[in-house]
Protein chains: 2
Amino acid sequence: MVVDELSDSEIDNIFHALADATRRDIFKQAMSREQSVSELARRYAMSFAAVQKHVAVLERAMLITKEKRGREQIVHSNPELLRRATELLDAYQDIWRGRTERIEEILFEPEREVES
Amino acid sequence: MVVDELSDSEIDNIFHALADATRRDIFKQAMSREQSVSELARRYAMSFAAVQKHVAVLERAMLITKEKRGREQIVHSNPELLRRATELLDAYQDIWRGRTERIEEILFEPEREVES
DNA sequence: GTAATCTACAACCAAATGGTTGTAGATGAA
DNA sequence: TTCATCTACAACCATTTGGTTGTAGATTAC
């Protein structure tokens, strides 16, 4: 069962964060091992500041968190949020399968409504 | 088992397409029932051209396809690609669980490499 | 103390995004 | 035929994105 619902903009942030190959790689790195930002930055052919921004995007999406340790910031992954993203996609698959009853609990959103 | 691999930019397109609440809703609509673009457009408080662009983003991501029927374009969903996106996220979860053997077949990417 | 390292953040820039209006071509209905 | 509908697409605009360089503050190493 789902603990609590993600808002539209939180979901936006999650998928946006995953829509960049560098960020996906950073996330993968963070999932496999906790590392400092500068340690991560050394792996990519771009400036430290650019990597810092990618990390910030992942952090805004709550896919990772940072923990200050001395002069370093250690990047931790948040597998719980990833699991919820997976559930979201599963819910779309359920729609296709016509299993609307499970959708209601997983992907409940008030009707996106319009004109008349 | 995975049929064939998605490229980085294809994955970029998929997650980018899902990173917008209107597009997620259009996709959900298309999953539940095939509809024309104008029929979809009537549901949202924005111009037809704006919805047309959202549909184009979903189409570029291959999450949907369009089929011309008379003067209408019917939007079909592509659940296969959604399934692959789900597998991608599952692979990240596997990384976290330390199950690297399954990652190799699901998420194989040549090492993203850099300086020396 | 001094120097090196790690981080934060501002300023800047080109390109992409997400919306708009307007025009025009195809198709269907009367 | 004529009119309405559906679609495509161009042009435009404000904002965001994804990169850069540069400056400055904390912390660690020597």
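Residues numbered from 1 in each chain as written. Chains lettered and ligands numbered in written order. Predicted model: local features only at pLDDT ≥ 70, side-chain atom pairs only at ≥ 80, totals over all residues. Heavy atoms only, no water.

**Examining the protein's contact with DNA strand D**
- Around DNA strand D lies a shell of 22 residues, among which Ser47(A), Lys53(A), His54(A), Ser38(B) and Gln73(B) are the nearest.
- Here, DNA strand D places atoms within 4 Å of the protein, and 65% of those atoms are sugar or phosphate.
- Of all the secondary structure elements, the ones that give two or more residues to the surface near DNA strand D are helix 4 (48-60) of chain A together with helix 3 (37-41), helix 4 (48-60) and strand 3 (72-77) of chain B.
- Considered class by class, the residues forming the surface near DNA strand D number 6 nonpolar, 8 polar and 8 charged. (Near = heavy atom within 4 Å. Helix = DSSP H or I, 4+ residues; strand = E, 2+ residues; numbered from the N terminus. Nonpolar A, V, L, I, M, F, W, Y, C, P; charged D, E, K, R; others polar.)

**Quick notes on the sheet that holds strand 1 (residues 35-36) of chain A**
All names here are of chain A.
- Reading across the sheet, the 3 strands line up as 1-3-2 and stay open at both edges, with antiparallel pairing between neighbours. Each edge of the open sheet is held by one strand with a lone partner, namely strand 1 and strand 2 (64-69).
- Taken together, the 2 bridges between strand 1 and strand 3 (residues 72-77) define a ladder with antiparallel strand orientation. Across the sheet, Gln35 pairs through a bridge with Val75, a residue of strand 3. (Pairing = 2+ DSSP bridges.)

**A look at the sheet that holds strand 3 of chain B**
Residue and element names in this part refer to chain B.
- Spatial ordering of the open sheet is given by 1-3-2, a layout of 3 strands whose pairing is antiparallel. In this open sheet, the two strands that pair with only one neighbour each are strand 1 (35-36) and strand 2 (64-69).
- In the packing of helix 2 (residues 21-32) onto the sheet, the strands contacted are strand 1, strand 2 and strand 3, and the crossing angle to strand 3 comes to about 90°. (Contact = heavy atoms within 4.5 Å. Axes fitted to C-alpha atoms, helices over the stretch in contact; angles between N-to-C directions.)

**As for the side chain of Gln35(A)**
Residue and element names in this part refer to chain A.
- Of note, Gln35 is situated in strand 1.
- For Gln35, a relative accessible area of 3% corresponds to the buried category.
- Here Arg33 takes part through its backbone oxygen, which lies 3.4 Å from a polar atom of the side chain of Gln35.
- Residue contacts for Gln35: discarding those within four places in its chain leaves Gln29, Leu40, Arg43, Gln73, Ile74 and Val75. (Buried < 20%, exposed > 50% of the residue type's maximum accessible area, 1.4 Å probe, protein only. Polar contact = N/O pair within 3.5 Å; in protein donor to acceptor, adjacent residues only side chain to side chain.)

**Quick word on helix 4 of chain A**
All names here are of chain A.
- Counted at 1.5 Å a residue, the expected span for helix 4 with its 13 residues is 18 Å, and the 18 Å between its end C-alpha atoms agrees.
- Buried residues of helix 4: Val51, His54, Val55, Val57 and Leu58, and no others. Angularly, the buried residues of helix 4 cover 155° about the axis, an arc narrow enough to put them on a single face.
- Packed against the buried residues of helix 4 are helix 1 (8-18), helix 2 (21-32), helix 3 (37-41), strand 2 and strand 3. (Expected span 1.5 Å × (residues − 1). Arc of directions from axis to C-beta.)

**Details of the interface of chain B and chain A**
- If you look at the interface, chain B gives 38 residues, while chain A gives 39 residues.
- Note on chain B versus chain A: buried area summed over both sides is about 3,500 Å², and carbon and sulfur give 63% of it.
- One can count 4 salt bridges joining chain B with chain A.
- Here Asp8(A) makes a salt bridge to Arg24(B), at a shortest N to O gap of 3.8 Å.
- Where chain B touches chain A, the interface holds 6 residue pairs in polar contact (both at pLDDT 80 or more).
- Within the residue set of the side of chain B that touches chain A, elements represented by two or more residues are helix 1 (8-18), helix 2 and helix 5 (79-96) of chain B.
- Among the elements that make up the side of chain B that touches chain A, the one with the highest residue count is helix 5 of chain B (11 residues). (Buried area = accessible area lost by both parts, 1.4 Å probe. Salt bridge = Lys/Arg side-chain N within 4 Å of Asp/Glu carboxyl O.)

**Quick notes on the environment of Ala85(B)**
- Residue position: Ala85(B) is located in helix 5.
- Taking the C-alpha atoms as reference points, Ala85(B) and Ile11(B), 74 residues apart in sequence, are found 7.7 Å from one another.
- When neighbours within four sequence positions are excluded, Ala85(B) is seen to be in contact with Leu89(A) and Ile14(B).

**Re the relation of the copies chain B and chain A**
- Superposing chain B onto chain A takes a rotation of 180° plus a shift of 0.0 Å along the axis, which leaves an RMSD of 0.0 Å. Taken together, the turn and the small shift mark the pair as related by a two-fold rotation axis. (Least-squares fit on C-alpha atoms with pLDDT ≥ 70 in both.)

**Notes on the protein's contact with DNA strand C**
- Every one of the 22 residues lining DNA strand C counts as a neighbour, but Ser38(A), Gln73(A), Ser47(B), Lys53(B) and His54(B) are closest to it.
- At 3.4 Å from a phosphate oxygen of DNA strand C is found a main-chain nitrogen or oxygen belonging to Val37(A).
- At 2.6 Å from a phosphate oxygen of DNA strand C is found a side-chain nitrogen or oxygen belonging to Gln73(A).
- Elements with a minimum of two residues in the surface near DNA strand C: helix 3, helix 4 and strand 3 of chain A together with helix 4 of chain B.
- Looking at the surface near DNA strand C residue by residue, the classes come out as 6 nonpolar, 8 polar and 8 charged.

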